[in-house]
Amino acid sequence: ELVLLGLDRTLDLYLEYGRLQDASPASFAYSAWRADGHWRTFAKGLFRDDAHEKVDGRVFASVTRVWRFQNKIYSKYPSLELARSVYVATGTGRTRCDGYWCTDGGVTDGCPVFRDGARHQLVVRSTRCPGLNKDVLAKFGVQDVPDFVHRGQDDIVALLSGDTPPPTLRLFGPDDDAATFK
């Protein structure tokens, strides 16, 4: 989303989604089912024309293949359809992606680990937020969006100031083992 839309438009997208949720509140299960359709609609709007070329080699997405719960990291998008289906898989309960039934990569290992020594890696585990209502994984309202932004800002300030790292963030060097942050 950030690569294709930029920060402001991405935030607007989530605020609008929050407004939709607030206008039609539902249970967690129904919200998750409804989100599947929303993600497909988002994918059609986000990935148009040559969008897959813009994300190719720049966006790393973690997807869980439901059969045998295997994690697959995608970073190459030779087609618009693959880029769309990977995007949908990162936000739905179950969908077809690359010929497999898939769901979000967080089910198995939502953390792409780079071992090429070329970069540091910031790992974000939003599900580790203290006091986070797990229902926001499928449904959230307008007020939840600024709360997420503020929480993220507070966490990054704590991380960069050298204080005790927040439970949601870790910065790993090229030689560090990110697998310890599960």
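Residues numbered from 1 in each chain as written. Predicted model: local features only at pLDDT ≥ 70, side-chain atom pairs only at ≥ 80, totals over all residues. Heavy atoms only, no water.

Looking now at the pairing of strand 4 (residues 100-104). For a regular strand, side-chain orientation follows a simple rule: the groups alternate between the two sheet faces. Pairing of strand 1 (residues 61-65) with strand 4, which is carried by three bridges, proceeds in the antiparallel orientation. Paired with Arg-65 across the two strands is Cys-102, which belongs to strand 4. Two strands pair when backbone bridges link them, and strand 3 (residues 95-97) and strand 4 are joined in this way by three bridges, in the antiparallel orientation. Considered in strand 4, the bridge of Arg-96 is made with Trp-101. Between the antiparallel neighbours strand 3 and strand 4 lie two residues, among them Asp-98 with a positive phi of about 55 degrees. (Pairing = 2+ DSSP bridges. Helix = DSSP H or I, 4+ residues; strand = E, 2+ residues; numbered from the N terminus.)

Where helix 3 (residues 28-46) contacts helix 5 (residues 80-89), the axes come no closer than 9 Å and their chain directions differ by 145 degrees. Like other packed secondary-structure pairs, helix 3 and helix 5 cross with a definite hand, here right-handed. For the pair helix 3 and helix 5, contact is made by Trp-39, Arg-40, Phe-42, Ala-43, Lys-44 and Leu-46 and by Arg-84, Tyr-87 and Val-88, respectively. Its residues placed into classes, the contact of helix 3 with helix 5 shows six nonpolar, no polar and three charged. (Axes fitted to C-alpha atoms, helices over the stretch in contact; angles between N-to-C directions. Left-handed = near helix turned anticlockwise from the far one by under 90°. Contact = heavy atoms within 4.5 Å. Nonpolar A, V, L, I, M, F, W, Y, C, P; charged D, E, K, R; others polar.)

On to the packing of helix 2 (residues 7-23) against helix 6 (residues 144-160), then. Axis separation between helix 2 and helix 6 bottoms out at 9 Å; the angle between their running directions is 135 degrees. Classified by the angle their axes make, helix 2 and helix 6 are oblique. Two secondary-structure elements touch here, helix 2 through Leu-11, Tyr-14 and Leu-15 and helix 6 through Val-145, Pro-146 and Val-149. Residues of the contact of helix 2 with helix 6, tallied by class, amount to six nonpolar, no polar and no charged. (Parallel < 35°, antiparallel > 145°, perpendicular 65-115°, else oblique.)

Next up on the list: the layout of surface pockets. In this model, the second largest pocket occupies a volume close to 290 Å³. For the lining of the second largest pocket, the secondary-structure elements that each account for two or more residues are helix 1 (2-5), helix 2, helix 3 and helix 4 (51-55). (1 Å grid on protein atoms, 1.4 Å probe; cavity = no way out; pocket = protein on both sides within 12 Å on 5 of 7 lines; lining within 4 Å. Points joined across faces, edges and corners; volume = space filled by probe spheres on them.)

Tallied over the entire structure, the rule returns three aromatic pairs. Ring centres 6.2 Å apart and planes at 70 degrees place the aromatic pair Trp-39 and Phe-42 in the edge-to-face group. Here Trp-39 pairs with Phe-42, and both are found in helix 3, just three residues apart, close to one helical turn. Of the two residues, Trp-39 and Phe-42, both sit in the buried class. An aromatic cluster of at least three residues, connected via ring pairs, comprises Trp-39, Phe-42, Phe-47 and Tyr-87. Between Arg-65 and the ring centre of Tyr-100, over which it is positioned, the NZ or CZ distance is 3.8 Å. The lysine or arginine in question, Arg-94, covers the ring of Trp-101, its NZ or CZ lying 4.0 Å from the ring centre. (Phe/Tyr/Trp six-rings, centres within 6.5 Å; stacked < 30°, edge-to-face > 60°. Buried < 20%, exposed > 50% of the residue type's maximum accessible area, 1.4 Å probe, protein only. Lys NZ or Arg CZ within 6 Å of the ring centre and 35° of its normal.)

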